[in-house]
Amino acid sequence: MRAYSVQSTGVPAELCDLEVPTPTKGQVRVAIKACGLNFADLLMQKGTYQDTPPAPFTLGMEIAGVVDEIGPDVSGLKPGDRIAVYSGQDGLAEYGVFDAERAIALPDCISFEEAAAIQIAYGTSHMALDHRARLQPGETLLVTGAAGGVGLTAVEIGKLMGATVIAQARGEDKLAVAQAAGADHLIDASEDLRERVKALGGADVVYDAIGGDVFKAAFRATNPEGRLLPIGFAGGEVPQIPANHLLVKNLTIIGFYIGGYLKFRPEAVRNSFETLFRWHAEGRIKPHISHTLQLEDVAQGMQLLKERKSTGKIVITP
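Everything numeric in this text was worked out from a predicted model, so none of it was measured.

Here's the deal with the layout of surface pockets
Point 1. Of the volumes computed, that of the largest pocket is approximately 1,200 Å³.
Point 2. Taken together, 45 residues form the lining of the largest pocket, with Phe39, Ala209, Gly232, Phe233 and Ala234 sitting closest to its centre.
Point 3. When contributions to the lining of the largest pocket are tallied by element, the ones reaching two or more residues are α1 (39-46), α2 (112-132), β10 (164-169), α10 (298-306) and β16 (313-316).
Point 4. Examining the composition of the lining of the largest pocket, we find that four residues originate from one element, α1, more than from any other.
Point 5. Residue composition of the lining of the largest pocket, by class: 28 nonpolar, 12 polar and five charged.
Point 6. Taken together, 19 residues make up the lining of the second largest pocket; nearest its centre are Ser87, Gly88, Gln89, Arg102 and Leu262.
Point 7. Of all the elements in the fold, those that place two or more residues in the lining of the second largest pocket are β6 (82-86), β7 (95-99) and α8 (258-264).

Spelled out as structure tokens, the structure:
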């Protein structure tokens, strides 16, 4: 089978020919139909992601496909079942073996591409805003990088939760995408973020995927008793947070990493995904996929992520 694999940490991944894997106890083999690309895939290649597995390994964190073979001690699944799996790795391949307990049945109304696009981006925003930040109706939510993979879902879910959403992104095209997802106010990345947000009454919750100076400006525009979610650092700089300012303004910084929940509360992730798939079936959310590429074009997709030229999700269809 073909797989997009990292042979040595720090060296770009490449398309390889590998043996088709065999499921062991508690696993299923999946014929992969779609895999979502994530910024974390870029970091894994460099070995800087917090959950980078030892090389060699295959990239690809979230998949959708058809059960191809069942391993020992697996119940509730059978060949031919349509499933989604938040795998963490091994998704950019024609086949993969995954723990059956991570599999979620897919309703017929959702495509494989949509199922691959929903899991991490929507799951991150849903759990961060609902489970962690406790976003309330009527509050103001600031989303930075609002046209990106997770940012766009934060705009959409924030509106579903009854918030007023301020979206920050670079350029008219990306801002238009955020506006179509429900953003109430738009701020271009070239503008003074702090002043614009303060002029709109400040932010009660900040969902920041950029880091660096963007986080610093958002931090200074947060209202007293506000909550800030540092979701990612696409800008390349991890911000240092002044604890004295937290004290003076009674602010809360909330750590959130969806992958961590798989280790200590996996049922929370499953419940979130099941909610999101139900919302999709009800027409309440619709993932924005800007690029659908073949397995041999993964390097192109990675470059689009690196240069921030995509909006929403990039999905690979092996």
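From this point, the discussion proceeds with the structure in view.
What to know about the nonpolar core
Point 1. Of all hydrophobic cores here, the largest spans 82 residues; its most connected members are Leu59, Leu92, Leu129, Leu141, Tyr207, Leu229 and Phe277.
Point 2. When residues of this core are assigned to their parent elements, the largest contribution, 10 residues, is made by α2.
Point 3. Grouped together as the second largest cluster of nonpolar side chains are 16 residues, Ile166, Ala203, Val206 and Ala217 included.

Some details on empty space enclosed by the protein
Point 1. For the structure shown, the criterion picks out one cavity of 30 Å³ or more.
Point 2. Here the largest cavity defines a volume of roughly 50 Å³.
Point 3. Breaking the lining of the largest cavity down by element, the ones donating at least two residues are α2 and α3 (151-160).
Point 4. With three residues, α3 is the largest single contributor of residues to the lining of the largest cavity.
Point 5. Considering only residue class, the lining of the largest cavity consists of four nonpolar, five polar and two charged.

Re the pattern of salt bridges
Pairing is possible between side chains of opposite charge, provided their charged atoms come close.
Point 1. All chains considered together, the criterion is met by 19 salt bridges.
Point 2. A salt bridge links Asp51 to Lys263; the nearest nitrogen and oxygen atoms lie 3.2 Å apart. Taken together, the residues span a long stretch of sequence, with Asp51 in the loop between α1 and β4 (57-58) and Lys263 in helix α8 at a distance of 212 residues.
Point 3. Classification of Lys263 by relative accessible area gives exposed; the value is 62%.
Point 4. The closest approach of N and O atoms between Glu114 and Lys286, which form a salt bridge, is 3.4 Å.

Thresholds applied
Residues numbered from 1 in each chain as written. Predicted model: local features only at pLDDT ≥ 70, side-chain atom pairs only at ≥ 80, totals over all residues. Heavy atoms only, no water. 1 Å grid on protein atoms, 1.4 Å probe; cavity = no way out; pocket = protein on both sides within 12 Å on 5 of 7 lines; lining within 4 Å. Points joined across faces, edges and corners; volume = space filled by probe spheres on them. Helix = DSSP H or I, 4+ residues; strand = E, 2+ residues; numbered from the N terminus. Nonpolar A, V, L, I, M, F, W, Y, C, P; charged D, E, K, R; others polar. Core = buried A, V, L, I, M, F, W, Y, C linked by side-chain atoms within 4.5 Å. Buried < 20%, exposed > 50% of the residue type's maximum accessible area, 1.4 Å probe, protein only. Salt bridge = Lys/Arg side-chain N within 4 Å of Asp/Glu carboxyl O.

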